[in-house]
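Geometric and topological summary
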Amino acid sequence: MGRYERILVPTDGSEETRQAVEHAVDLAEEHGATIHALYVVNSASFSSLPMESSWESVAAMMNEEGAAALDDVEAIADERGVSVERALVDGSPSREIVRYAEDEGCDLVVMGTHGRGGIDRLLLGSVAEKVVRSSTVPVLTVRVDTSA
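The rules behind each value
Residues numbered from 1 in each chain as written. Predicted model: local features only at pLDDT ≥ 70, side-chain atom pairs only at ≥ 80, totals over all residues. Heavy atoms only, no water. Salt bridge = Lys/Arg side-chain N within 4 Å of Asp/Glu carboxyl O. Buried < 20%, exposed > 50% of the residue type's maximum accessible area, 1.4 Å probe, protein only. Helix = DSSP H or I, 4+ residues; strand = E, 2+ residues; numbered from the N terminus. Pairing = 2+ DSSP bridges. Right-handed = clockwise from strand over helix to strand, strands pointing away. pLDDT = per-residue confidence, 0-100. Polar contact = N/O pair within 3.5 Å; in protein donor to acceptor, adjacent residues only side chain to side chain. Contact = heavy atoms within 4.5 Å.

Two side chains carrying opposite charge are able to pair once their charged atoms lie near each other. Taken as a whole and judged by the stated rule, the model has nine salt bridges. Notably, a salt bridge pairs arginine 6 with glutamate 5, separated by 3.8 Å at the nearest N-O pair. When its relative accessible area of 30% is taken as the criterion, arginine 6 is described as partly exposed. Given a relative accessible area of 49%, glutamate 5 falls into the partly exposed group. In this structure, arginine 80 and glutamate 29 form a salt bridge, with 3.7 Å as the shortest nitrogen-oxygen distance. With arginine 80 in the loop between helix 2 (55-79) and strand 3 (84-90) and glutamate 29 in helix 1 (residues 15-31), this residue pair connects regions lying 51 residues apart in the sequence. For arginine 80, a relative accessible area of 29% corresponds to the partly exposed category. Bridged by salt links that share partners, the residues Asp26, Glu29 and Arg80 form one connected network.

Within strand 2 (residues 34-41), eight of the eight residues are buried, which leaves the element mostly enclosed by the surrounding structure. When strand 1 (residues 6-10) meets strand 2, the two strands line up parallel, connected through five bridges. By the bridge assignment, isoleucine 7 is partnered in strand 2 with isoleucine 35. You can see the chain leave strand 1, run along helix 1 and come back into strand 2, and the turn it takes is right-handed. Pairing between strand 2 and strand 3: seven bridges, direction parallel. Looking at strand 3, one finds that valine 41 is bridged to aspartate 90.

Right, let's talk about the confidence of the model for the chain for a bit. In this model, the chain carries a mean pLDDT of 86, and residues with pLDDT of at least 70 account for 82%. Highest mean pLDDT in the chain belongs to strand 1 (97); lowest belongs to helix 4 (residues 118-124) (49).

Take the side chain of threonine 11 next. Within the secondary structure layout, threonine 11 lies in the loop between strand 1 and helix 1. A distance of 3.0 Å separates the side chain of threonine 11 from the backbone nitrogen of glycine 13, its partner in a polar contact. With near-sequence residues (within four places) excluded, threonine 11 lies in contact with Thr17, Leu38, Tyr39, Ala69, Leu70 and Val73.

Encoded structure:
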């Protein structure tokens, strides 16, 4: 197995994601790799909002959350001297993660996944599961502790 040069770490800004980010940064530090931090704004999930809601304000809020999540990745990487490329895109999270990894020539995708079953797995594990099934780029899943 060769060295990693470009490691993609999708983030949603959550505490759970932070564990996967730290794992990705560890690997990047060890391999002299660049972290590609990706935040996907899933605007389709907001299509059920009442028409009176201002789409612009919702989009602005989601973009702010995305920028803050990417700032967090950058802060963790900066502590270790790891360089970061940031991307904020709109679309279906699993599809955009796979597309970004392939388009940017990433060597590895590092994502958090949850150890619990039931509804948590359905809600929280489905993106990682879809990425694992459809990505041509290797995917490393980090089991994250949701009780942290």
